[in-house]
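Structural overview for review
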Amino acid sequence: MTPTFSAATYIARRNTLIERVPEGLILILGNEDSPMNYTDNTYPFRQDSSFLYYCGIDRQNLVLALDADSSEVTLFGNDFTIDDIVWMGQQPQIADQAASVGIHKTGSLSDLQSLIQQAVSQHRIVHYLPPYRQLNTLKLAQWLGRTPAEITAHPSRKLIETVISQRAIKSEEELEEITVAVNLTRDMHIKMMEMAQPGVHEQAINAAVTAIALAAGSMPAYPNIISIHGETLHNHAHGNVLKAGQFLVGDFGAESPMHYAGDITRTCPVGGAMNDIQHAIYNLVLKAEMDSIDQVAPGVPYRDIHLNAAKIIASGLKDLGLMKGDVDEAVAAGAHALFFPHGLGHMLGLDVHDMEDLDENLVGYLPGMDRSKQFGLKSLRLARPLLPGFVFTVEPGIYFIPTLIDLWKAENKFAQFLNYAEIEKLKDFGGIRIEDNVVVTDTGVNILGHPIPKSADAVCEIIRNG
Ligand code: GLY
Ligand code: MN
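Below: a short report on this structure. It should be emphasised that the depicted structure is a prediction, and the values quoted were computed from it without experimental measurement.

Conventions we followed
- Every residue gets a number counted from 1 within its own chain, in the order that chain's sequence is written.
- Note on labels: chains are lettered from A, ligands numbered from 1, in written order.
- At least 70 in pLDDT is required for a residue's local features to be given in this predicted model, at least 80 for side-chain atom pairs to be given and counted, and no such filter applies to totals for whole chains, interfaces and linings, which use all residues.
- Where side-chain values are given, they derive from all heavy atoms of the structure, hydrogens and water being excluded.
- Sites may look incomplete because water is not among the atoms; the donors themselves are N, O and S atoms within 2.8 Å of the metal, or within 3.2 Å for Na, K and Ca.
- Runs of E in the DSSP output that reach at least two residues are strands. Runs of H or I that reach at least four are helices, and both are numbered from the N terminus.
- Here's how the labels work: a residue is buried when its accessible area is under 20% of the maximum for its type, exposed when over 50%, partly exposed in between, all with a 1.4 Å probe on protein chains only.
- Here a strand pair is declared whenever DSSP counts at least two bridges between the two strands.
- Where helices are involved, their axes are fitted lines through C-alpha atoms of the stretch in contact, as for all axes, and angles between N-to-C directions lie from 0 to 180°.
- The salt bridge definition used is simple: a Lys or Arg side-chain nitrogen within 4 Å of an Asp or Glu carboxyl oxygen.
- Being near a molecule or strand, for a residue, means having at least one of its heavy atoms within 4 Å of it.
- Between N or O atoms, a polar contact is any pair within 3.5 Å; within protein, one atom must be a potential hydrogen donor and the other a potential acceptor, and residues adjacent in sequence are included only when both atoms are from side chains.
- Only the protein chains shown count as cover for residues, and the accessible areas themselves come from Shrake-Rupley with a 1.4 Å probe.
- Nonpolar residues are Ala, Val, Leu, Ile, Met, Phe, Trp, Tyr, Cys and Pro. Charged residues are Asp, Glu, Lys and Arg, and all others, Gly as well, are polar.
- Aromatic rings from Phe, Tyr and Trp, with only the six-membered ring used for Trp, were paired whenever their centres fell within 6.5 Å, and each pair was classed as stacked if the ring planes differed by under 30 degrees, edge-to-face if by over 60, and tilted otherwise.
- Within the patch definition used here, like charges are joined within 9 Å and nonpolar side chains (Val, Leu, Ile, Met, Phe, Trp, Tyr) within 5 Å, considering only residues with over 30% relative accessible area and no salt bridge.
- Expected span of a helix: the number of residues minus one, times 1.5 Å.
- Directions pointing from the helix axis toward each C-beta atom define the arc.
- The contact definition used throughout considers only heavy atoms, calling two residues in contact when any of these lie within 4.5 Å.

1. Points about the coordination of the manganese ion (ligand 2)
The protein atoms that coordinate the manganese ion (ligand 2) are Asp263 (OD), His346 (NE2), Glu395 (OE) and Glu435 (OE), at distances of 2.1 to 2.3 Å. Of note, the donors binding the manganese ion (ligand 2) are all from one chain and are spaced D-x82-H-x48-E-x39-E. Within this pair, whereas aspartate 263 is found in the loop between β9 (247-252) and β10 (264-269), its partner glutamate 435 is found in the loop between β13 (431-433) and β14 (436-440), the two being separated by 172 residues in sequence. Accessibility assignment for this pair places aspartate 263 and glutamate 435 in one class, buried.

2. Concerning the sheet that holds β9
The antiparallel open sheet is built from three strands, whose spatial order is β8-β9-β10. The sheet terminates laterally at β8 (225-227) and β10, the two strands that pair on one side only. Between one strand and the next, the sheet's axes are offset by a mean angle of 10°, whatever the strand orientation. As paired elements, β8 and β9 share three bridges and run antiparallel to each other. Looking across to β9, one finds that isoleucine 225 is bridged to aspartate 251.

3. A short note on the pattern of salt bridges
As enumerated under the stated definition, the model contains 24 salt bridges in all. Measuring nitrogen to oxygen at the nearest pair gives 2.6 Å for the salt bridge that ties arginine 157 to glutamate 161. Of the two residues, arginine 157 and glutamate 161 are both situated in helix α8 (residues 157-167); the distance of four residues between them amounts to about one turn of the helix. A salt bridge links lysine 454 to glutamate 289; the nearest nitrogen and oxygen atoms lie 2.8 Å apart. Pair noted here: lysine 454 is in the loop between β15 (445-447) and α17 (456-465) and glutamate 289 is in helix α11 (residues 276-295), with a separation of 165 residues, a long-range link. A relative accessible area of 14% means that lysine 454 is categorised as buried. A relative accessible area of 0% means that glutamate 289 is categorised as buried. Bridged by salt links that share partners, the residues Arg167, Lys170, Asp351 and Asp354 form one connected network.

4. Regarding the site of ligand 1
The environment of ligand 1 is formed by Tyr222, His234, Asp251, Asp263, His346, His353 and Glu395. Here an oxygen atom of ligand 1 sits 2.9 Å away from a polar atom, N or O, in the side chain of histidine 346. Histidine 353 has a polar side-chain atom sitting 2.8 Å from an oxygen atom of ligand 1. Coverage of ligand 1 by the protein amounts to 91% of the 200 Å² it exposes when considered alone. Residue composition of the shell around ligand 1, by class: one nonpolar, three polar and three charged.

5. Focus on the packing of aromatic side chains
Each aromatic ring pair is specified by the distance between its two centres and by the angle formed by the two planes. Evaluation of the coordinates by the stated rule reveals ten aromatic pairs. Relative to phenylalanine 429, the ring of phenylalanine 247 has its centre 5.4 Å away and its plane inclined at 50°; by these criteria the two rings are tilted. One end of the pair, phenylalanine 247, is in strand β9; the other, phenylalanine 429, is in the loop between α16 (420-424) and β13, with 182 residues separating them in the sequence. The exposure class of phenylalanine 429 is buried, given its relative accessible area of 9%.

6. Some words on the sheet that holds strand β1 (residues 25-29)
Taken together, the five strands give an open sheet; going across it, the order is β6-β5-β4-β1-β7, and neighbouring strands pair in mixed fashion. The open sheet terminates on both sides in strands that have one partner only, identified here as β6 (106-107) and β7 (126-128). Sheet analysis places β1 next to β7, joined by three bridges and oriented parallel. Within the sheet, the bridge partner assigned to leucine 25 lies in β7 and is valine 126.

7. Overview of a nonpolar patch on the surface
On the surface, Ile82, Val86, Trp87 and Met88 cluster together into a nonpolar patch covering about 560 Å² of accessible area. Looking at the secondary structure, you find valine 86 in helix α3 (residues 82-88). With relative accessibility at 61%, the residue valine 86 sits in the exposed group.

8. So, helix α5 (residues 109-121)
The terminal C-alpha atoms of α5 lie 18 Å apart, and with 13 residues this matches the ideal 18 Å at 1.5 Å per residue to within 8%. Listed as buried for α5 are Leu109, Leu112, Ile116 and Ala119. All buried residues of α5 fall inside an arc of 75° around its axis, so they share one side. The inward-facing, buried residues of α5 abut β1, β4 (63-67), β5 (73-76), β6, β7 and α6 (134-144). Histidine 123, located one to two residues past α5, shows a positive phi value of around 60°.

In structure tokens form, the structure reads like this:
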């Protein structure tokens, strides 16, 4: 069974939630199994992260109800029938699981329906988070007597903001869990480096790194990115055979036993050697990553660190003859986004993009902070000033995306900043991304987990000894 924190942890989290939401009935829905191709043939079960945060129970088809007026907390779900037990085995009684995390009142799902109907008839506020699974949208629609569109349009802003305020600050025991995830992820990345040899199939590396997570009783925190076409940012295809001279981008991470995520990227020169331009661009990405980590401290807006990384990249690319003109002006205009079209990082926790289901802007931006619409900067998920306890990724990259280069060149876009004649020569370069997971401390920053090799020499040595 999935381990949990102590009951005291969940009781404290639920008490805070009830204190911060002034009135109404709060519903935190767990997930159900999702069918792949027919009802009983399901995807691996993944519990909802907010449900895990408030009660830790990793089991299908439960709902946590918290009454903000009476402070009563109830876990709703149906115990297994004898038919369920015959096919899926004995499960603990829901009342026993609830008690283990400090909840002493349980009810069936039909009891839940009655409770909600009573709340609706009394015109009480019923708070729920934005459902990202259609089944939960349909359940809420049925329970609340609304259409699915109405359910989607009206999640509780107060509940969303409260959950974000709690989940954004990681406790010591959460940091330990994330560290477990990162250390397991480290083993997976070293395996990738050892296998980054000419003639090896991407899918063999995918299998080998996934096996490390599975053998530890874990699962990948998101679909593995393992590709010699790392210029496609989220490339989930694994159909290529590695050739010497290519870059292999590996962006993957394991979950900890309690489902906290690791999210690490390393880039391997296949065969363990780089030519001069590859080496220069690798070191430029590494410098952007390490300088960005050095700047992390309480109160610093992550958007400033992102923009500084963009300037490091633009300045280095100018030195290499790929960009030109004034670096500050180039970054302000967004010209660097030809090479660095994504954000520097995102919150990390129970989700790999932590709380992205709740509202990306409420997680990463403060009220009054405008999210840019500029290509590149618009993809920055975390921009707000940092607080101690924030855990997030630092993941700059440089990519040569042939279709984007062709498009911008045809438009002569940012011609004052981009040296298209030189860029053309590197259209088959691929991409490089380097990513670590960090926590803001009271005075600065810690990188989570044991160090994962990232200097060009260290990575090449592992590959050559592979
Ligand atoms: N690990 C994939 C991403 O951060 O988008
Ligand atoms: Mn990431």
